[in-house]
Amino acid sequence: MATIPDNNLHPYYPRTAEIPGYIPNALPMPLLLGAVLIAMGTIVKASFFAARFKSKSLQESLRFTWFTLCTTLHCGFEAYWIYHHRSIASRTDFFAELWKEYAHGDSRYLTHDELLLALETITVCIWGPLCFMAARAIWKQSPQQYLWQLMASMAHLFSTVLYFVMDWPQGFPNCDPHPLYFWIYFVAFNSPWLIVPALLFKQSLHAISSALHASYPKAQKEE
């Protein structure tokens, strides 16, 4: 498939965005989204059933599944984007086509946005390992799981809020206004990283606070 020569001949917003070397996707949207759902579903099911086999706690199994999924996305899918971010628009492999499809919801992934690159680099290099440590601690049923969970959840809340806020003042000009792209791609696909971390943050604070309160009278007696 030939490269479109005019940088502005692309389907993304804003219409004046410069996307050098852009090549349209060869795979249709239903196939791309279906493949993502199957892949994520496989990761979720495998993680959940492995955790349930090891632990009888539904809550632990769900938390392990969440952090396993986050680790995979951060250190796999998003790491791919960081490595290829300058050539995504002209690439034709499957992961590149996934990113070009998602870019309908945020074209910054095709325009070499430096702030977004910095945020994604932090996500891959720091948030991903934090999620791995949280999943590992939950798997081992370590008391440290709530500390790792607290840090990973704070990281997700910070990065997701920043991700939304960066584009808010201009009225989200990098998102296609079509409801599918704005409400599903941009809002719905990212909202879990606000909702779930908020719940886990609250749980972590409660668990750590309870442990500290339980040890406080004992520490006073020892004094």
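Nothing here was measured: the structure is a model prediction, and the numbers come from that model.

1. As for the overall build of the protein chain
Alright, step 1. For the protein chain, the count of helices and strands is 7 helices and 0 strands.
Alright, step 2. Moving toward the C terminus, one meets the helices and strands of the protein chain in the order α-α-α-α-α-α-α.
Alright, step 3. By its C-alpha atoms, the protein chain is 75 × 40 × 30 Å across when sized along the principal axes.
Alright, step 4. Expressed as a percentage of the 223 residues in the protein chain, the buried residues total 39%.
Alright, step 5. Excluding contacts between residues fewer than 6 apart, the proportion of contacts in the protein chain whose partners are at least 24 apart in sequence is 68%.
Alright, step 6. Accessible area for the protein chain stands at about 12,200 Å²; split by element, carbon and sulfur atoms hold 70% of it.
Alright, step 7. If the 15 positive side-chain charges of the protein chain are averaged to one point and the 15 negative ones to another, these points end up 16 Å apart.

2. With respect to unusual backbone geometry
Alright, step 1. Note the cis peptide between Tyr13 and Pro14, where omega equals -5 degrees.
Alright, step 2. Note that Pro14 resides in the segment before α1 (29-54).
Alright, step 3. The backbone phi angle of Gln141 is positive, close to 55 degrees, even though this residue is not glycine.
Alright, step 4. Checked against the element boundaries, Gln141 lands in the loop between α4 (114-139) and α5 (145-167).
Alright, step 5. Owing to a relative accessible area of 44%, Gln141 belongs among the partly exposed residues under this scheme.
Alright, step 6. Despite not being glycine, Phe172 has its phi angle at roughly 55 degrees, a positive value.
Alright, step 7. Structurally, Phe172 can be placed in the loop between α5 and α6 (179-188).

3. Quick notes on the packing of helix α2 (residues 58-84) against α4
Alright, step 1. Two elements in contact, α2 and α4, have axes separated by 8 Å at closest approach and are oriented at 150 degrees. Classified by the angle between their axes, α2 and α4 sit roughly antiparallel to one another. With respect to the hand of their crossing, α2 and α4 are arranged in left-handed fashion.
Alright, step 2. Residue classes in the contact of α2 with α4 are distributed as 18 nonpolar, 6 polar and 4 charged.

4. Thoughts on the UniProt feature "domain: EXPERA" (unreviewed entry) in the protein chain
Alright, step 1. In this numbering, the UniProt entry assigns the feature "domain: EXPERA" (unreviewed entry) to residues 59-201.
Alright, step 2. Within residues 59-201, the helical portion is 73% and the strand portion 0%, while the C-alpha atoms at the span's ends are 14 Å from each other.

5. Some details on the UniProt feature "transmembrane region" (unreviewed entry) in the protein chain
Alright, step 1. The UniProt entry lists residues 31-51, 63-83, 115-139, 146-165 and 180-201 under the feature "transmembrane region" (unreviewed entry), expressed in the numbering used here.
Alright, step 2. Regarding residues 31-51, the helix share stands at 100% and the strand share at 0%, and the terminal C-alpha atoms are separated by 30 Å.

6. A few points about the packing of α1 against helix α3 (residues 94-102)
Alright, step 1. Contact geometry for α1 and α3: axes closest at 10 Å, N-to-C directions at 110 degrees. On the basis of the axis angle, α1 is roughly perpendicular to α3. Of α3, the residues touching α1 (which contributes Met29, Leu32, Ala35 and Val36) are Phe94, Glu97, Leu98 and Glu101.
Alright, step 2. Along the lines of polarity and charge, the residues of the contact of α1 with α3 split into 6 nonpolar, no polar and 2 charged.

The rules behind these values
- Residues numbered from 1 in each chain as written.
- Predicted model: local features only at pLDDT ≥ 70, side-chain atom pairs only at ≥ 80, totals over all residues.
- Heavy atoms only, no water.
- Helix = DSSP H or I, 4+ residues; strand = E, 2+ residues; numbered from the N terminus.
- Buried < 20%, exposed > 50% of the residue type's maximum accessible area, 1.4 Å probe, protein only.
- Contact = heavy atoms within 4.5 Å.
- Areas by Shrake-Rupley, 256 points an atom, 1.4 Å probe, with all protein chains shown as cover.
- Lys, Arg positive; Asp, Glu negative; His and termini not counted.
- Charge placed at Lys NZ, Arg CZ, Asp CG, Glu CD.
- Axes fitted to C-alpha atoms, helices over the stretch in contact; angles between N-to-C directions.
- Parallel < 35°, antiparallel > 145°, perpendicular 65-115°, else oblique.
- Left-handed = near helix turned anticlockwise from the far one by under 90°.
- Nonpolar A, V, L, I, M, F, W, Y, C, P; charged D, E, K, R; others polar.
- UniProt positions renumbered as here; feature names shortened; annotations may be inferred.

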